[in-house]
Amino acid sequence: MSLVVTGATGRLGRLVVEALLERGVTPSEIVATGRDIQKIKDLADRGVTVRRADFDEPDGLAAAFAGGDKLLLVSTSTVGRRLAGHRAAIDAARAAGFSLVAYTSITHADTAGMRLAAEHRETERYLRDSGTPFTFLRNSWYLENYTSGLSGYLERGSVAGSAGDGRVSAAALADYAQAAAAVLTTEGHAGAVYELGGDEAFTLAELAARLSTASGREIVYNDMPVQRFAELLTSVGLPKDYAEVLADADLGLGRGELFTDSGDLGRLIGRPTTTLSDAITSALGQS
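Described below are features of the structure shown in this document.

What counts, and where the lines are drawn
- Residues numbered from 1 in each chain as written.
- Predicted model: local features only at pLDDT ≥ 70, side-chain atom pairs only at ≥ 80, totals over all residues.
- Heavy atoms only, no water.
- Helix = DSSP H or I, 4+ residues; strand = E, 2+ residues; numbered from the N terminus.
- Buried < 20%, exposed > 50% of the residue type's maximum accessible area, 1.4 Å probe, protein only.
- Contact = heavy atoms within 4.5 Å.
- Areas by Shrake-Rupley, 256 points an atom, 1.4 Å probe, with all protein chains shown as cover.
- Axes fitted to C-alpha atoms, helices over the stretch in contact; angles between N-to-C directions.
- Parallel < 35°, antiparallel > 145°, perpendicular 65-115°, else oblique.
- Left-handed = near helix turned anticlockwise from the far one by under 90°.
- Nonpolar A, V, L, I, M, F, W, Y, C, P; charged D, E, K, R; others polar.
- Pairing = 2+ DSSP bridges.
- Expected span 1.5 Å × (residues − 1).
- Arc of directions from axis to C-beta.
- Salt bridge = Lys/Arg side-chain N within 4 Å of Asp/Glu carboxyl O.

Description of the overall build of the chain
Thinking step 1. Secondary structure summary: the chain contains 13 helices and nine strands in total.
Thinking step 2. Its C-alpha atoms give the chain principal-axis dimensions of roughly 55 × 35 × 35 Å.
Thinking step 3. Classification of the 287 residues of the chain by burial places 52% in the buried group.
Thinking step 4. When contacts within the chain are restricted to residue pairs at least 6 apart in sequence, those whose partners lie at least 24 apart make up 75%.
Thinking step 5. Summed over its atoms, the accessible surface of the chain is roughly 12,400 Å², and 49% of this surface lies on carbon and sulfur atoms.

So this is what it looks like as structure tokens:
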């Protein structure tokens, strides 16, 4: 049985491969794929099968997926241009006869109004209609989305956003990776739709308060109109289109579209999820 992971050159895909190894999967039974396989040469050195896969080059996907039994389709990072690549991967998975395709989607993909959800919703629909057994791993935000901006929060003394009092069920990348590994290595997940998020949801004002407590500095939450937030994101170097998508996602956060109290993530990984406080403490220790 071979387990194929797409996007293994990215943060989440790489952590999934590591989680599979931790679960005792034989390295040669893991196929790690990505565009630039030099980034995962160390995995090949550890016995993992490494293959190049580029969704923009669908003719090469048959070779990348050959001999696979289950596939983790990690959503690509090309927001606004994801769907064609996802469809190419699903077509290749169907042709290869995978017994399961698990797809990393977003919370409430079927109903969420945020722009980020649209391509996930269409990918889910295409995968359902393909006839291939599927599992939807609907991930909320990553804690790292916030802890990676720690230096900026400390410098400005504020967390900016357009989320109002909305609560986000953010969880650590490693938690989501372990959930994906659990789905790939155990049975009974075909047809499942998992709404995945941390055990403890929080508002951005609560995030600011936790940062204040942990750092000993006063940090506040600065809620602002969505266009102003998009302009702020652009001013710190994000492309305009991407900044607007992220600002729009904050509106979705405010509507509850990144909140889940399903408990699915904790059940899949068999332990409590990483807390916001622990994630902040770890980030402060590394800064």
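Looking at the packing of helix α4 (residues 82-96) against helix α5 (residues 115-130)
A pair of packed helices can be characterised by two numbers: the angle between their axes and the separation between those axes.
Thinking step 1. Where α4 contacts α5, the axes come no closer than 10 Å and their chain directions differ by 20 degrees. By the angle between their directions, the pair α4 and α5 is classed as roughly parallel. Crossing geometry of α4 relative to α5 is assigned as right-handed. Here R82, L83, H86, R87, I90, D91 and R94 of α4 come into contact with α5, specifically with L116, E119, H120, E122, T123, Y126, L127 and S130.
Thinking step 2. Classifying every residue of the contact of α4 with α5 by side-chain character gives five nonpolar, four polar and six charged.

Describing the sheet that holds strand β5 (residues 100-106)
Thinking step 1. Taking strand neighbours across the sheet as the criterion, the seven strands line up as β3-β2-β1-β4-β5-β6-β8 in an open arrangement whose pairing is parallel. Bordering the open sheet on either side are β3 (49-52) and β8 (193-196), each of which pairs with just one other strand. Averaged over all pairs of adjacent strands, the angle between strand axes in this sheet comes to 20 degrees, irrespective of strand direction.
Thinking step 2. Relative to β3, strand β2 (residues 30-34) is paired through four bridges, and the arrangement is parallel. Note on β3: the bridge partner recorded for G34 is R52.
Thinking step 3. With respect to the sheet, α4 is in contact with β4 (70-73) and β5, its orientation differing from that of β4 by roughly 180 degrees.
Thinking step 4. Along the sheet, α5 makes contact with β5, β6 (134-139) and β8, crossing β5 at roughly 160 degrees.

Focus on α5
Thinking step 1. Compared with the 22 Å implied by 1.5 Å per residue over 16 residues, the 24 Å span of α5 between its first and last C-alpha is a close match.
Thinking step 2. Every buried residue of α5 is listed here: L116, A117, E119, H120, T123, E124, L127 and S130. Buried residues of α5, seen end-on, are gathered within an arc of 165 degrees and therefore sit on one face of the element.
Thinking step 3. Two residues or fewer past α5, G131 is found with a positive phi of approximately 85 degrees.

Side note on unusual backbone geometry
Peptide bonds are trans in most cases, and residues, glycine excluded, mostly fall at negative phi.
Thinking step 1. A positive phi angle, near 55 degrees, is found at H108, a position not held by glycine.
Thinking step 2. Structurally, the position occupied by H108 is in the loop between β5 and α5.

Here's the deal with the pattern of salt bridges
Thinking step 1. The final tally for this structure, using the stated rule, is 20 salt bridges.
Thinking step 2. The closest approach of N and O atoms between E18 and R14, which form a salt bridge, is 3.3 Å. Of the two residues, E18 and R14 both sit in helix α1 (residues 11-22), four residues apart, roughly one turn of that helix.
Thinking step 3. Residue classification places E18 among the buried positions, given a relative accessible area of 18%.
Thinking step 4. Where E257 meets R255, a salt bridge forms, and the shortest distance between an N and an O atom there is 2.9 Å.
Thinking step 5. Residue classification places E257 among the buried positions, given a relative accessible area of 10%.
Thinking step 6. R255 gets classed as partly exposed once you look at its relative accessible area, which sits at 47%.

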